[in-house]
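# Architecture at a glance
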Amino acid sequence: MTQPYAHVIGDPIAHSKSPLIHSFWLEKLGIAGRYKARHVEPAGLGEYLDRQRTDGNWIGCNVTMPHKQAIMAHLDHLDPDAERLGAVNTVVRQENGALKGFNTDAPGFLEPLLSILKTQHLFRMARIIGTGGAARAIIAVLADNGFTLVVTGRNPDKARAMLDELAPGGEHHAVALPHFAQPTDFAFDDRENCLDLVINASPLGMNGAPPLKFDWSHAPPGSIAYDIVTDPAETEFLTGAKAAGHPVIDGYSMLIGQAATAFEKFFGVHPPREYDAELRELLLS
């Protein structure tokens, strides 16, 4: 008996949590489908897609590093958001075998903030650490939601170029990464009815990567700390934020949000989000 199936592809890929998430939802919904990790090296990306597009049971794949940009040249169609961001993390096979690329980073990132964004604010500011692919999506979606942005990375010129490309016209700022490492005695103004975010959109702080040096004196009172790193789920960045009295959002929030958007595109139904707490326990085990 044939079943629809999807992959997550990358190099490496063994660490991916996506198969656990999608398989959990498929089981809860009683859907006869499969979702597995597939190791695809850069040199084999085109061959993989050529082979899969002829398989009527293959419904698509999620895409992780290092393929998010390279895969675009192999696709027949791009969703406007993916084209704007210059990266694809979800590929859906159309009925005629054509492949369409999407980027679910932005909706995945925004999902845990939606209830907060329904409120009208006098001012919105986000400090974003990172200049990679995830940061591109975060810059674009926050600019679209009225945020003034401060983007920091090892190369402030790259941060400036990203702002000019993705958030033109705003009074945004690019600074060097060490700026946030040292304490500041800056006196923040009254932040009532303001929304401040501090976001780690970089790999810094994940297992095997260098630490993220951020001094929480740079965050206005009430700022929400958001770390997209998932390994570990409780990063030093989030621990420091909690110690300084800030509410936090961890990387699993974005991971599950991204997966939910992809799942609906693959299988045509909403995932059963009422089981998010159970899913989180599985991810953390």
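Everything here concerns the structure above.
Right, let's walk through the structure included here. Keep in mind that this is a model prediction, so the values were computed, not measured. (Residues numbered from 1 in each chain as written. Predicted model: local features only at pLDDT ≥ 70, side-chain atom pairs only at ≥ 80, totals over all residues. Heavy atoms only, no water.)

Structurally, T104 can be placed in the loop between β6 (99–102) and α4 (105–110). For T104, a relative accessible area of 2% puts it in the buried group. When near neighbours in sequence (up to four residues on either side) are disregarded, T104 contacts N89, T90, Q258, T261 and A262. (Helix = DSSP H or I, 4+ residues; strand = E, 2+ residues; numbered from the N terminus. Buried < 20%, exposed > 50% of the residue type's maximum accessible area, 1.4 Å probe, protein only. Contact = heavy atoms within 4.5 Å.)

With that settled, the discussion passes to the pairing of strand β2 (residues 34–39). In the sheet, strand β1 (residues 5–10) pairs with β2 via 6 bridges, with the strands oriented parallel. Directly across from H7, in β2, lies its bridge partner K36. Regarding the hand of the β-α-β motif, the stretch spanning β1, helix α1 (residues 18–29) and β2 is right-handed. (Pairing = 2+ DSSP bridges. Right-handed = clockwise from strand over helix to strand, strands pointing away.)

Glancing now at the pattern of salt bridges. Counted under the stated rule, the structure contains 12 salt bridges. As a salt-bridge pair, D105 and K68 come within 3.6 Å of each other at their nearest N and O atoms. Here K68 lies in the loop between β3 (58–63) and β4 (77–78) and D105 lies in helix α4, a separation of 37 residues in the sequence. Here D105 and K68 have matching classes, each one buried. R127 is paired through a salt bridge with D196; the nearest N and O atoms lie 3.6 Å apart. (Salt bridge = Lys/Arg side-chain N within 4 Å of Asp/Glu carboxyl O.)

A few words now on the pairing of strand β10 (residues 194–200). A large share of β10 lies buried, amounting to 6 of its 7 residues. Here β10 pairs with strand β11 (residues 224–227) via 4 bridges, running parallel. Residue pairing across strands places N200 opposite D227, the latter belonging to β11.

Here the focus is the sheet that holds strand β7 (residues 123–129). Across the sheet, 6 strands lie side by side as β9-β8-β7-β10-β11-β12; this open sheet has parallel pairing. With one partner strand each, in any of the chains shown, β9 (173–176) and β12 (248–249) form the two edges of the open sheet. Lying over the sheet, helix α7 (residues 156–166) contacts β8 (148–153) and β9, oriented at roughly 165° with respect to β9. (Axes fitted to C-alpha atoms, helices over the stretch in contact; angles between N-to-C directions.)

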